[in-house]
Structure formats: C-alpha cells, structure tokens
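The lines below spell out each chain.
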Amino acid sequence: MLTQKLEEVELKIRKLGQKMELLRKENATLSEENINIKKNLEKQQLKLFDIEKNAASAGALLEQEKGDGAADSNQIKAQLAHYIKEIDKCLEWLQHM
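Below or above, wherever it landed, is the structure these notes cover. (Residues numbered from 1 in each chain as written. Predicted model: local features only at pLDDT ≥ 70, side-chain atom pairs only at ≥ 80, totals over all residues. Heavy atoms only, no water.)

### Structural notes on the pattern of salt bridges
Defined as follows: Every case where a carboxyl oxygen of Asp or Glu lies within 4 Å of a side-chain nitrogen of Lys or Arg is listed as a salt bridge. In this description a helix means any DSSP run of H or I spanning at least four residues, a strand means any run of E spanning at least two, and both kinds are numbered starting from the N terminus. Relative accessibility decides the category of a residue: with a 1.4 Å probe and only protein chains considered, values under 20% of the type maximum give buried, values over 50% give exposed, and everything between is partly exposed.
Scanning the model with the defined rule gives two salt bridges in all. Between Arg-14 and Glu-10 there is a salt bridge, with its nearest N and O atoms 2.5 Å apart. You can see Arg-14 and its partner Glu-10 sitting in helix α1 (residues 2-64), four residues apart, about one turn around the helix. Note that Lys-89 and Glu-86 form a salt bridge whose closest N and O atoms lie 3.9 Å from each other. Placement of the pair is Lys-89 and Glu-86 together in helix α2 (residues 70-95), with a separation of three residues, close to one helical turn. On the basis of relative accessibility, which here comes to 54%, the residue Lys-89 falls in the exposed class. Residue Glu-86 is classed as buried on the basis of its relative accessible area, which comes to 17%.

Below you can see the structure in the form of structure tokens.
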C-alpha cells in the first residue's frame, strides 16, 4: 500500500516536471518572440517618425512654393499623399500588433 502511494507520488512528480519543462520552453519561445516584436515595433516607429518628418517638410515646401506654379504644387501634393498613405499603413500595422 505504501509502495503504491509512493509510486503514484513519483509519477505525479515526473508529470509535473515534464509540464514544467514544457512551460520553460514555451516561455523561452514567447520571450524571444516578444523581443522580435519589440524590435520590429521600434523599426516601424522610426519609419513612422521619418515619414512624418518628410511629410512636414513637404507641407512646408508646399506652403513656400505655392506661387511657383501648379506643376510643382501637384508634385508636392502627390508626395504628401504618398507620405500620408505610408503613415496610414504604419498606423494600421501598429494597431494590428
């Protein structure tokens, strides 16, 4: 009777050890994934910052060169539209993280 109880306890301890090992591996995988996501997020934030900076520069250029002709204005508007689309893409990507 005592031997059987000890064997049951030993079996439970082994199962618990296996579960613990699986959890350790899962934790390591999730930690690595988390690090990669943070790095990716940082890259996207830097890209977004650059795009916003470029959009601000293009907007300032647009204001400065309003009187220089419709062709230049259209080109700057197209460039601004492009930057806005890029910003929207980054924001959408960040929202889906």
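### Here's the deal with a positive patch on the surface
What counts is decided by this rule: Residues form patches when they are more than 30% accessible in relative terms and have no salt bridge. Like charges link within 9 Å. Nonpolar side chains (Val, Leu, Ile, Met, Phe, Trp, Tyr) link within 5 Å. Here, Shrake-Rupley sampling with a 1.4 Å probe gives the accessible areas, and only protein chains in the shown set may cover a residue. Only four residue types enter the tally: Lys and Arg on the positive side, Asp and Glu on the negative side, with His and both chain ends excluded. For the purpose of locating charges, the reference atoms are NZ of Lys, CZ of Arg, CG of Asp and CD of Glu.
A cluster of basic side chains, namely Lys-5, Lys-12, Lys-15 and Lys-19, defines a positive patch on the protein surface. The residue Lys-15 is located in helix α1 in this model. Look at Lys-15 and you get partly exposed, because its relative accessible area is 49%.

### Describing the nonpolar core
Soluble globular proteins tend to bury their nonpolar side chains together. Applicable threshold: To define a nonpolar core, start from buried Ala, Val, Leu, Ile, Met, Phe, Trp, Tyr and Cys residues and group those joined through side-chain atoms within 4.5 Å. We call two residues in contact when some of their heavy atoms are within 4.5 Å.
Core analysis: the largest hydrophobic core is formed by 10 residues, namely Leu-48, Ile-51, Ala-55, Ala-58, Leu-62, Ile-76, Leu-80, Tyr-83, Ile-87 and Cys-90. Of all the secondary structure elements, the ones that give two or more residues to this core are α1 and α2. If near-sequence neighbours (up to four positions away) are discounted, Ile-87 is found in contact with Leu-48, Ile-51, Glu-52 and Ala-55.

### Topic: the environment of Lys-53
The topology assignment puts Lys-53 in helix α1. Classification of Lys-53 by relative accessible area gives partly exposed; the value is 46%. For Lys-53 and Tyr-83, which are 30 residues apart along the polypeptide, the C-alpha to C-alpha distance reads 9.6 Å.

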